[in-house]
Amino acid sequence: MDPVTGSIIIGLIQMAAQYAEKVGMAKEEATKHFLNAYDLAKVNDPDKLPDAKLPENAGG
Amino acid sequence: MLKRKVIFVLLAVALLMGCATVNVQLTKQDLADWMLSIYNAQYADYKTWFVTDPATGEFKLDAQGNAILKPGTPPAQVAILQKKKAIFKEVWPLILTYAEYAKTGTVPAGTVIGEVEARAVTLVNDLIRAK
């Protein structure tokens, strides 16, 4: 893990703890939620998405 | 546990229905989290329009190698999906850059963070409102 990623994750954990306090959520679960959002976005590469095309014979 | 799940489901539905836009002053962290949440929800929704192999979860392809849209997908929806994919490609690096900035205060050399923020907010709102 590079230093930038590490500091981001630490920050996210702190943010999650604050959020957990606000909403009364278990800290572990809130941390998971925030880390998931960032990590998920990193792997959600738009180039992995297929193009939306109608079939060539659509509409008859 | 059930209450939390209900809250997350309601939030996801609100995001997908376009009920969530930025009209208030948010902290950088709040804004980054808003961007990440919308992006991830919209990305997941985009994938649901395609036929997947139940065993592998991979997209099924036609004879030309194109992913297959679910039967009955109207042409208007296809146009929306095409718009959204173009937005995904532009906004993705901006969101990741902004998320890093929100947490570390650092940006890649030559980056004007104000421009990144403004463009990312515009594009995320475009994702929500795409018609």
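To be clear, the structure that these remarks concern was listed above.
Just so it is clear, the model here is predicted, and its values are computed rather than measured.

Enquirer: How do you make sense of the overall build of chain B when you look at a structure like this?
Expert: Regarding its fold elements, chain B presents four helices and zero strands. If you list the helices and strands of chain B from N to C, you get α-α-α-α. Burial status across chain B gives 37% buried among its 131 residues. Long-range pairs, those at least 24 residues apart, make up 60% of the contacts in chain B between residues at least 6 apart in sequence.

Enquirer: What am I meant to see in the overall build of chain A here?
Expert: For chain A, the count of helices and strands is two helices and zero strands. Put simply, chain A has 60 residues, and 38% of those count as buried.

Enquirer: Is there a simple way to explain helix H3 (residues 75-104) of chain B in this structure?
Expert: The α-helix winds at 3.6 residues per turn, so residues separated by three or four positions along the chain end up facing the same way. Residue and element names in this part refer to chain B. Compared with an ideal rise of 1.5 Å per residue, which puts 30 residues at 44 Å, H3 spans 43 Å between its outermost C-alpha atoms and is within 8% of the ideal. The largest bend along H3 measures about 35° and falls at Val91, with the proline Pro93 one to four residues further on. Positive backbone phi, approximately 75°, marks Gly105, located one or two places after H3.

Enquirer: So what exactly am I meant to see when it comes to the packing of aromatic side chains here?
Expert: In this description, an aromatic ring pair is defined by two values, namely the gap between the centres and the angle between the planes. Residues and elements named next belong to chain B. Summed over the entire model, instances satisfying the criterion amount to seven aromatic pairs over all chains. A centroid spacing of 5.7 Å and a plane angle of 70° characterise the contact between Phe50 and Phe59, whose relative ring orientation is edge-to-face. Overall, the relative accessible area of 24% leaves Phe59 in the partly exposed class. Residues Tyr98 and Tyr101 carry aromatic rings whose centres are separated by 5.8 Å and whose planes lie at 55° to one another, so their mutual orientation is tilted. Here Tyr98 pairs with Tyr101, and both are found in helix H3, just three residues apart, close to one helical turn. The residues Tyr98 and Tyr101 share a single accessibility class, namely buried.

Basis of the calculations
- Residues numbered from 1 in each chain as written.
- Chains lettered and ligands numbered in written order.
- Predicted model: local features only at pLDDT ≥ 70, side-chain atom pairs only at ≥ 80, totals over all residues.
- Heavy atoms only, no water.
- Helix = DSSP H or I, 4+ residues; strand = E, 2+ residues; numbered from the N terminus.
- Buried < 20%, exposed > 50% of the residue type's maximum accessible area, 1.4 Å probe, protein only.
- Contact = heavy atoms within 4.5 Å.
- Expected span 1.5 Å × (residues − 1).
- Bend = angle between axes of the 7 residues up to and from the residue.
- Phe/Tyr/Trp six-rings, centres within 6.5 Å; stacked < 30°, edge-to-face > 60°.

Purely geometric stuff here, so don't read any function into it on its own.
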